[in-house]
Amino acid sequence: MAESIQIGEIAVAFTRRQVKHVHLSVHPPCGRVTLVGPTATRSEAARAYVVSKLGWIREQQTKMLGQAREPQRQFVERESHYLWGRRYLLSVKEEQAKPSIGLGHRAIVLTVRPGSTGAKRAAVVHEWHKALLHEAVRELIARWEPRLGVHISGYYLQRMKTKWGSCNPRAGTIRLNTELVKKPKDLLEYVLIHELLHLIEPTHSERFLKLMSEHYPAWREARVELNELPLAAASWNQPYLRDSPSGERKMTEICHSP
């Protein structure tokens, strides 16, 4: 059961678990704060740790509240949509035919039946996004499995509220957020490599960080870029910020806590 630590205007939910180090996290969308510590951690020690990190907590909360957010999409003519980091205008055509979607020079052409609802149009676009992601992910998996010496038994694409991806090392499966189709492809590659490496090292240990640096040296830059891109309007896909015992900020977009 979580214990509440109140320091000024900041409330922290403190939980004791079977962990080696304390983990301080700031969660979207409004900067909720949690602290996880070893079972023997005294309340006074937990409070002192939070006090020492107040500056960092406020900094992350300010960033979250001020981060750009995508407007709610209506799926109407000349509306802006993003694909692989590029902006396109939506072109809507109404025909008595099976709904379809295609990509032009700078336009996404959506064909729907007359009177189609926004929800129906959104569903067509979402399925198209998944098809594009499947194609890109399969190519990346084929490229990186032999490089990393790993093999996944399967992968899944789905909307995810708080993660860019997740990994189940025991089952050998990974999940990826369908919002990644809107981001530059190199960021999809960064997340995928991150997930695949969890098949080798399940936790965000020093070994894991070394593996990331070895196979994707620009992972820190990719993480920063991903964090600075606008959040989705209807869901919070931004991974939350976590402060590690070593003082290095890490992202928990992967299934296992660092």
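The coordinates are above.
I will try to describe carefully the structure that is included in this document.

Scoring rules and cut-offs
Residues numbered from 1 in each chain as written. Predicted model: local features only at pLDDT ≥ 70, side-chain atom pairs only at ≥ 80, totals over all residues. Heavy atoms only, no water. Pairing = 2+ DSSP bridges. Helix = DSSP H or I, 4+ residues; strand = E, 2+ residues; numbered from the N terminus. Axes fitted to C-alpha atoms, helices over the stretch in contact; angles between N-to-C directions. Contact = heavy atoms within 4.5 Å. Core = buried A, V, L, I, M, F, W, Y, C linked by side-chain atoms within 4.5 Å. Buried < 20%, exposed > 50% of the residue type's maximum accessible area, 1.4 Å probe, protein only. Phe/Tyr/Trp six-rings, centres within 6.5 Å; stacked < 30°, edge-to-face > 60°. Lys NZ or Arg CZ within 6 Å of the ring centre and 35° of its normal. Salt bridge = Lys/Arg side-chain N within 4 Å of Asp/Glu carboxyl O.

Description of the sheet that holds strand 10 (residues 165-168)
Strand order across the open sheet formed by three strands is 9-11-10, with mixed pairing between neighbours. Bordering the open sheet on either side are strand 9 (154-158) and strand 10, each of which pairs with just one other strand. Neighbour to neighbour, the strand axes of the sheet diverge by 15° on average, direction disregarded. Across four bridges, strand 10 lies against strand 11 (residues 173-177) in antiparallel orientation. Within the sheet, the bridge partner assigned to S166 lies in strand 11 and is R175. Lying on the sheet, helix 3 (residues 118-148) is in contact with strand 9 and strand 11; it crosses strand 9 at an angle near 150°. Contacting strand 10 and strand 11, helix 4 (residues 185-197) runs over the sheet at an angle of about 155° to strand 11.

Remarks on the sheet that holds strand 7 (residues 100-103)
The strand order across the open sheet formed by four strands is 5-6-8-7, and the pairing between neighbours is mixed. Two strands bound the open sheet, and with one partner strand each, they are strand 5 (80-83) and strand 7. Mean inter-strand twist for the sheet, computed between neighbouring axes without regard to direction, equals 35°. Sheet analysis places strand 5 next to strand 6 (residues 86-94), joined by four bridges and oriented antiparallel. Bridge pairing in strand 6 places L83 opposite R86. The strands touched by helix 3 within the sheet are strand 5, strand 6, strand 7 and strand 8 (107-112), with strand 8 carrying the most contacts at an inclination of about 125°.

Quick look at the nonpolar core
By size, the foremost hydrophobic cluster in this structure holds 47 residues, and its most contacted members are W84, V137, L176, L188, Y190 and M212. Counting residues per element, the ones that place at least two in this core are strand 6, strand 8, helix 3, strand 9, strand 11, helix 4, helix 5 (206-215) and helix 6 (219-228). Once you skip the residues sitting within four places of it in the chain, W84 turns out to touch L132, L133, A136, L180, V181, K182, K183, P184, K185 and L188.

Topic: the environment of R170
Summarising the element assignment, R170 is placed in the loop between strand 10 and strand 11. Measuring from C-alpha to C-alpha, the distance between R170 and P202 comes to 9.3 Å, with 32 residues separating the pair along the chain.

Here's the deal with the pairing of strand 3 (residues 23-27)
For strand 3, the buried fraction is high: five of the five residues fall into the buried class. Of the two faces of strand 3, the one lined by H23, S25 and H27 and the one lined by L24 and V26 are each fully buried. Pairing between strand 3 and strand 4 (residues 32-38): five bridges, direction antiparallel. Residue pairing in the sheet places H27 in a bridge with R32 of strand 4.

What to know about the packing of aromatic side chains
All told, the structure shown has one aromatic pair when counted by the stated rule. The side chain of R147 reaches across the aromatic face of W144, ending 4.6 Å from its centre.

Notes on the pairing of strand 11
Most of strand 11 is tucked away: four of the five residues are buried. Bridge count for strand 9 against strand 11 is five bridges, and the pairing is parallel. Opposite Y156, over in strand 11, you have R175 as the bridge partner.

Things to note about the pattern of salt bridges
Counted by the stated rule, this structure contains eight salt bridges. The closest approach of N and O atoms between K182 and E179, which form a salt bridge, is 3.1 Å. For the pair formed by K182 and E179, the shared burial category is buried.

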